[in-house]
Structure formats: structure tokens, C-alpha cells
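# Commentary on secondary and tertiary structure
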Amino acid sequence: MPDTFDSLRPRIIDYLYDRGIDPRKRFRCLNPSHLDRDPSMGFDPKRNKVHCFACGADYDLFDLLALDNNLSSPADALSLASERYGDGSARRSVSFSAAESSRITNRPAERAAPHGGEGGGSGGCAPSFFSEEPLSSSYLSDCFAHRDETPYFTQRGLSADTVTRFRLGYDPKHDCVVLPCENGRCVRRAVSEKRYLNEKGRPSPLFQPELLTGAGEGAPIFLLEGTFDALSAEELGYHAAALNGSGNREKAAALLRTLSKPAPILLLTDSDPAGETWAAALTAEFPWLYRCPPVPYGKDLNESLCHDRDETARFLAQCAADWAAQQPPPYKETSAAGRMEDFLAYIQKQAARPPLKTGFPKIDEALDGGLYDGLYVIGAVSSLGKTAFCMQMADQLAQQGRDVLVFSLEMMAWELMARSISRESFLLDTSVRRRMAKTARGVLDGRRWSQYTTQEKAHLDAARDAYAAYAGHIYFREGDHETGLDYIQSEVARHIAETGEKPVVLIDYLQIIAPVDVHFTDKQNLDRIVCALKKMSRQYELTVFAISSFNRENYNLEVSMNAFKESGGIDYSADVLLGLQARGAGHPGFQIDEEKRKDPRELELKILKNRSAALGQPISLRYYPAFSCFMEG
């Protein structure tokens, strides 16, 4: 009795052992559409099938033979099973029921992700037909000798040099071009029809698979779907390999698994769902693979080459450049010696970027010239004048033409603007006891304006004009306890993109920034916030000035780094740490509330930490709280 589906179906157990698979254990899924990193397929002896519990693939012996060998009919699957596991009695002439035929030709893998591309797999743009003739050992050489008998290679955009280099040939008997691939095998494509001639019972070979295992010597390797696509890349001066059908992606994955480290491989797919499927499957297992954007013209690289050679060459060059830009430097170049050129370039760049002047000469001198790139943190007890000091410094930077981006998480922009105008009215006032100067409330309260004399209004107008002269460099961003790091970072990036200028960033104040994680303690959140601000200052090469509060335990003590330790790791991450205190703080009998009542207040600015300069002596300041004005001395 000849072999049948029913008699051979139990022989799936032999198939599994032939593949080195122990059917008693879970094994990697055999669905070519599923790159299974964790074994998820098992053998069901009752049904004589294998089933994947991840993707749902469900195969019997004939499904698996058809998948392995690119078979397209039930007769081929039964014939091959009979030859391998039966008595060889089944032949292509055997008849099938409609149910059996439908079950084989509608395999689950094909329904999930049809094979496509230039390999001759089912579902591609060029359907395959099967050759019954074995290839002789001289076949490739004979076809190469006939290469000039067809204009097909020229029509596909390939030069004579590329044809010769890869020994492309022409088979006049079958009127097909012959593309040599791995292990002496080839892909054959009909010239007069859009179809491929595959070797019967064997999957399509890969084109230049050795490039996927490191043979490219560090140069970028393009991995494409079809051999003509790979030859197109080679035509334009790049190394390229090809799957010859999206169903071969598991073969490519097997090669990539042998690599000891990531390789410079760039995936360039056809512009169709099959291309997206195989590329997504490979990048899921090998996230270091680089995905190229779609080709500029047509469905694949060869169509693009034929349409516009120069534009396609620019496209590949840009893909290679974009890939290179994302790669870390060679490890030895990360040594101090390897970075010496960058170090010298940084010095030259700094020569064109002098330190920023705060507008307080003695403070600039104490800070070794002014403000540099980095994170500056100033702390003081509540209501001593931290915000007023920082805003006066911001205004004085703006007067020099420097942009300042102010994140005010506690006060309205109108209040801060009124304070600045109040200060200007104070500085412009030459009258006895400066009776013309107005407080911030006097500036903001419109009801008072009707009571001002003409001279007072004129004085306020002059103060407003003085502020307006530099206010174009002050940018306010109001916030609250919901304002987080993402917003601050995005606004800094936006300012640079919109203006082309790197601003000085002022944050008022640190403890109000929204927590990074609600499950962290206050100190843990503040640590991460300060580290992120430090990173931002390095990333954008700018000055970040942040205000910090002190705990009440430190109100009557002399300012020191201990006051910051209670608020997280500010003292570790800040480049410069400043403390503002009332003169005499920490001495016997000192009362901060009494000092706050003075007008002007006698304050001191202490430099508690400076990574790049000496600390120096405290700088004396006089503060006029009614007008938000600081003066040295």
C-alpha cells in the first residue's frame, strides 16, 4: 500500500529528532515568522502536531516540510515525506481530497506572514516555479560565459564590472539570469516573466551570508530582501547581503546569534508588509540592528536605482552616515589621550565664550570671573531675598544681551516684572530719601495710579522704559507643584531651537519641582532632580541657576553645606554652591527675625563650594527689600 498522509503523519517524531529537537521538552518555535527567544513550542503526540503557545502556530509533518523546503503543493510535501520517512511509494501523481489540499496550501505561517521578495517564497511579487533538473558542477561557469547574451542586467541598473565581480550569468535554455549565492548555489530569475526558478525541495540560499558574521571588516553591511537589491547596493559601493525571501530571516538570525558583539548591519526592507515583518522580527531579537528609512523611489532598492541612480546613492550615503552618527567611538578613543583633540577644541571654544558677568563686580571676582557652564545653587532661609537677588542678577545679565529663561514655580510673572520695575524706580530716584521710588505693590495696584502726581507717573514710565529696554531677553515660564523636569527640559530645548541662543536658566525653586517618582522620599526625588539639571547644563553647555530653601533648624545658624545636606544631595551635584545669610548669623544672640526687619538688611553671600576656584571671603551686600534691590558693600 503506498504512503499516505495518515500513514506518514506520525513520523513527525523522526523529523523532530532529525532537527536535533527533543520532543519531550519545549523548543524554539518553528514558525519562520516568529523569532522565538524563549522556547514556546511543544509536541502533541495525540495529534501528531507541534504547537506554539506564543504565536499559535500549529504544524504537522507536511506543514513543516513545506516550510523548510519552500514547497507549494500537497503533492510535493507528501512526496518528500515518503522519500524521507516512508517507502518512497508516494508520487506527484497521487490524488488528494479537497480538505487535504486546502490544509496544506493554507499553512498557518503563510496566513500569518506570507513570504515575499526575491527569493521565490510564496506571497512575493515574483512567484516561483520549480525545476526538476539538478544543477551540474559547471552550471554557474557555463551561465557566466553566456552573460552578455541578455540585456537584463543592464536593464536592472548593473554595470559590467558588477556582473563580472559577482559572476552573474545567463541560462539560454531556460531564458533566466543566474545569481550565484552561498555554497555554490544560486537564485534564477526568468527574463521574460516575473518569476523565479528554485531548486526543487530546497529553501532559497542567502546572498553573501558571510558578511553577517563579520566579514565586512567594520564597514556598514546592508541586509536586504532580494539579491538584485543587494547587487544594487554593491553597484553603488557598499557591502550587502540578501535573504532571498523574507522566510529566510530565521537563517539570518542564526548567523547573527554567532556574533560575539554587535556588527554594523543596516536593515533595508522592501516597502511592503512582508518587509516590515522580517525587519521587526530581527530587531526584536537584535535591537542593535539599524533600520533604514524607506527607499526614495519604488518598492525596493533596485527599483530606486533604476529610477534615479544619483538620488539612490545619496540615500545610501545618508543611511550610512546616520548609522555612524549613532555609534559610540572606538573604546581606545575614550581614553584621555584619545580625547586630546576634543579637549583642545573645547579650550578654543571657551576662548570665544567668556564668563557671564553677574552685574556684581565683587561676586564676579569671587567666582573667578563670573558664571560658567554648570549648575549653580543658592540657598537661604525663607524670605531673606533669594528670589530678589537672582532676579536682579537675571536682569543684569539681560542688560548685557544674554537670554534668561526663568521658571517661576511660586510667583506670577507680573509680580516678578513689577519687582524689576520697582528696582529701576529705586535706582533712578535721585530725590531725598528716594520718595519717587515705588514698591512692587505700588507698580501693580492700578488703583493707586490715579493718585500719583504727574511727576510720579513720569518717573514710573521712565522705570518701565528702563526695564523694557532689556526685558526682551527675559522669558518667564510660570509653574506649580505639578511642573516637572520634562517640562523644564523641553522648554530649554524649545528656546534654543526658536532663538538660536543658549539661555541662562533660573529655577525658583528646587523643592517645588514635581517629584520624579511619587514612591521616592523627598531627598531621593531632589537628588534625581539635581542630577538631571546638572546633566542638562552639560548637554546644552549652559548655566543653570537654581534656588534652594533651608530647613528651619538652620535659620539662626551660620550658613554652611550642612544646611543643604538636609535637602538631598545638592552639595554633591552642584558645581557652585552659594549661601545667602544675614550678617552675624550663628553668633550669640543672633535672631533672624530681627535682621529681616532692618532696612536695608546687612547680608553676606558665602561661596560654600566651587569646583574650579578658591572659596574666598564672604561678599557683603545691602538689600532694600521694599524695592527688591541689592548693592555690594
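In this text the structure is predicted, and so the values were computed from the model without any measurement.

### Let's talk about a nonpolar patch on the surface
A grouping of M340, F343, L344, Y346 and I347 is seen on the molecular surface, where their side chains present a nonpolar patch of about 480 Å² in accessible area. By secondary structure assignment, the location of M340 is in helix α15 (residues 340-351). Taking relative accessible area as the criterion, M340 reaches 40% and is therefore assigned partly exposed.

### A short note on the nonpolar core
In this structure, V377, F389, I507, L510, F545, L621 and F630 are the most contacted members of the largest nonpolar core, which totals 86 residues. Looking at which element gives the most residues to this core, the answer is helix α17 (residues 386-398), with 8 residues. Beyond its immediate chain neighbours, meaning those up to four positions away, F630 contacts F360, G385, A388, F389, Q392, L580, L603, L621, R622 and Y623.

### Some remarks on the packing of aromatic side chains
By the definition in use, this model includes 14 aromatic pairs. Relative to Y238, the ring of F222 has its centre 5.6 Å away and its plane inclined at 85°; by these criteria the two rings are edge-to-face. Within this pair, whereas F222 is found in strand β9 (residues 221-224), its partner Y238 is found in the loop between α10 (227-235) and β10 (239-242), the two being separated by 16 residues in sequence. A single burial state applies to F222 and to Y238, both of which are buried. When the ring of F389 is compared with that of F630, the centres are 5.4 Å apart and the planes differ by 75°; the resulting orientation is edge-to-face.

### Describing helix α23 (residues 522-540)
In an α-helix, one turn spans 3.6 residues, which is why side chains three or four residues apart end up on the same side. Spanning 19 residues, α23 covers 27 Å between terminal C-alpha atoms, matching the ideal 27 Å at 1.5 Å per step. Among all positions in α23, only N525, L526, I529, V530, A532, L533, K534, M536, S537 and Y540 are buried. Positive phi shows up at E541, right after α23, with a value of about 55°.

### Concerning the pattern of salt bridges
The final tally for this structure, using the stated rule, is 34 salt bridges. Here E541 and K349 are joined by a salt bridge, their closest N and O atoms 2.8 Å apart. Of this pair, E541 sits in the loop between α23 and β17 (543-549) while K349 sits in helix α15, placing them 192 residues apart in sequence. K598 is the salt-bridge partner of E595, the closest N and O atoms lying 3.0 Å from each other. Residue K598 is classed as partly exposed on the basis of its relative accessible area, which comes to 39%. A single network of salt bridges, built from pairs that share partners, joins D44, R47, K49 and D58.

The rules behind these values
Residues numbered from 1 in each chain as written. Predicted model: local features only at pLDDT ≥ 70, side-chain atom pairs only at ≥ 80, totals over all residues. Heavy atoms only, no water. Patch = residues over 30% accessible without salt bridge, like charges linked within 9 Å, V, L, I, M, F, W, Y side chains within 5 Å. Areas by Shrake-Rupley, 256 points an atom, 1.4 Å probe, with all protein chains shown as cover. Salt bridge = Lys/Arg side-chain N within 4 Å of Asp/Glu carboxyl O. Helix = DSSP H or I, 4+ residues; strand = E, 2+ residues; numbered from the N terminus. Buried < 20%, exposed > 50% of the residue type's maximum accessible area, 1.4 Å probe, protein only. Core = buried A, V, L, I, M, F, W, Y, C linked by side-chain atoms within 4.5 Å. Contact = heavy atoms within 4.5 Å. Phe/Tyr/Trp six-rings, centres within 6.5 Å; stacked < 30°, edge-to-face > 60°. Expected span 1.5 Å × (residues − 1).

As far as function goes, none of this settles anything; it's purely spatial.
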